[in-house]
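# Per-entry structural report
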Amino acid sequence: MRVVAAIALSLCLALQASAQTAATRMEGNTVMPTMEDIRATAPALEKYGKDVLLGDLWKRPGLSARDRSIATVAALIARDQTVELPYYLSLALDNDVKPSEISEIITHLAFYTGWANAMDAIPAARDVFRGRNIGADQLPLASGPQLPLDEAAEKQRATRVGEQFGQVTPSLVQYTTDVLFRDLWLRPALAPRDRSLVTVSALIATGQVAQITYHLNRAMDNGLTREEAGEMLGHLAFYAGWPNAFSAAPVVKDVVEKRAH
């Protein structure tokens, strides 16, 4: 109940507090609109924000508030939508996402949604971190001990990708193995389940349906449940749009049904 109350208060403040817009002003970005701005421009949008987002979506039990924050931040970065990013980064911290995890989410998404999108997320995270006195001592090291690698599974993946694309794009195959799966995915500052949640959320948010099957299976191998996968899809419809959610729905359905047998 305390978490739900915190979410309700935070979302309400996002709509009501004009003071918060000052904190969202960054170079190259506009300002997150206040409740008064929304009401004066699109009163129905204000109503949906209060009744559906605040009144229902963030309270649903199928996905924790922490997971909803991770999925939302991933979707905003993936879509390069930085106006609301400071607010949702702050909400993520309130929902027990660690500064080190936010740092790692940004780094991870540089590879899955493009370097420029990660760069665009930096000013928002910088300002939020400064406002909360979050320093370098709370962020992950650039390099260090890694999580253990499943050598057999990685060899199988690398062999399959190499056979498919090695003759066409050896650089892509090499970087995928050496940088992503033998380095990025083994960084301990973001748990494998959360890293998978970030990846699948970004793929859904950007309409990259061809990549969802592999990464959703990996996410469920890493602990994401069937209920959480379905709830994530419903949640992301609000932040990435209904067409992207419904484009991903058949793929998610196929993965879930095949794993049930």
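Summarised in this report is the structure supplied together with it. Because the structure is predicted, anything quoted here is derived from the model rather than measured. (Residues numbered from 1 in each chain as written. Predicted model: local features only at pLDDT ≥ 70, side-chain atom pairs only at ≥ 80, totals over all residues. Heavy atoms only, no water.)

## Things to note about the overall build of the protein chain
When helices and strands are counted, the protein chain shows 14 helices and 0 strands. Helices and strands in the protein chain line up, N terminus first, as α-α-α-α-α-α-α-α-α-α-α-α-α-α. A total of 261 residues make up the protein chain; the buried ones form 44% of that total. Of all intrachain contacts in the protein chain linking residues separated by at least 6 positions in sequence, the fraction that spans at least 24 positions is 73%. A total of about 13,500 Å² of accessible surface is found on the protein chain, and carbon and sulfur atoms cover 57% of it. (Helix = DSSP H or I, 4+ residues; strand = E, 2+ residues; numbered from the N terminus. Buried < 20%, exposed > 50% of the residue type's maximum accessible area, 1.4 Å probe, protein only. Contact = heavy atoms within 4.5 Å. Areas by Shrake-Rupley, 256 points an atom, 1.4 Å probe, with all protein chains shown as cover.)

## As for the packing of helix α11 (residues 192-205) against helix α12 (residues 212-221)
Look at α11 against α12: their axes get within 9 Å of each other, and the N-to-C directions meet at 155°. Between α11 and α12, the interaxial angle falls into the category roughly antiparallel. Once α11 is placed against α12, the crossing between them reads as left-handed. Along its contact with α11, which presents S196, T199, V200, L203 and I204, the element α12 presents I212, H215, L216, R218 and A219. Tallied by class, the residues present in the contact of α11 with α12 amount to 6 nonpolar, 3 polar and 1 charged. (Axes fitted to C-alpha atoms, helices over the stretch in contact; angles between N-to-C directions. Parallel < 35°, antiparallel > 145°, perpendicular 65-115°, else oblique. Left-handed = near helix turned anticlockwise from the far one by under 90°. Nonpolar A, V, L, I, M, F, W, Y, C, P; charged D, E, K, R; others polar.)

## Considering the packing of helix α7 (residues 99-113) against α11
Closest axis-to-axis distance for the α7/α11 pair is 10 Å, and the angle between their directions is 45°. By the angle between their axes, α7 is oblique relative to α11. Along this stretch, α7 crosses α11, giving a crossing that reads as right-handed. Contacts between α7 and α11 involve E101, E104, I105, H108, L109, Y112 and T113 on the former and, on the latter, D194, R195, V198, T199 and A202. Looking at the contact of α7 with α11 residue by residue, the classes come out as 5 nonpolar, 3 polar and 4 charged.

## Some points on the pattern of salt bridges
Under the criterion given, the structure shown has 20 salt bridges. Ionic pairing is found between E46 and K50, a salt bridge with its closest N-O pair at 3.3 Å. Note that E46 and K50 are positioned in helix α4 (residues 43-54) at a spacing of 4 residues, about one turn of the helix. Residue classification places E46 among the buried positions, given a relative accessible area of 9%. According to the relative accessible area criterion, K50 is partly exposed, its value standing at 32%. Each of R66, D67, E101, R193, D194 and E228 takes part in a single network of salt bridges with overlapping partners. (Salt bridge = Lys/Arg side-chain N within 4 Å of Asp/Glu carboxyl O.)

## Observations concerning a nonpolar patch on the surface
On the surface, F111, W115, M119 and I122 cluster together into a nonpolar patch covering about 410 Å² of accessible area. A per-element tally of the nonpolar patch places helix α8 (residues 115-131) first, with 3 residues. Secondary-structure assignment places F111 in helix α7. (Patch = residues over 30% accessible without salt bridge, like charges linked within 9 Å, V, L, I, M, F, W, Y side chains within 5 Å.)

## Some points on the packing of aromatic side chains
Two aromatic rings, taken as a pair, are described by how far apart their centres are and by the angle between their planes. Using the criterion set out here, one finds 8 aromatic pairs in the structure. Between Y87 and Y88, the aromatic rings sit 4.8 Å apart at their centres with planes inclined by 75°, giving edge-to-face as the arrangement. Measuring from centroid to centroid gives 6.1 Å for F181 and W185, while their planes differ by 5°, and the two rings are stacked. Take F181: its relative accessible area is 6%, and that puts it in the buried class. An aromatic cluster is present here, built from W58, Y87, Y88 and Y239 joined pairwise through their rings. Over the aromatic face of W185 sits the side chain of R218, whose NZ or CZ is 4.3 Å from the ring centroid. (Phe/Tyr/Trp six-rings, centres within 6.5 Å; stacked < 30°, edge-to-face > 60°. Lys NZ or Arg CZ within 6 Å of the ring centre and 35° of its normal.)

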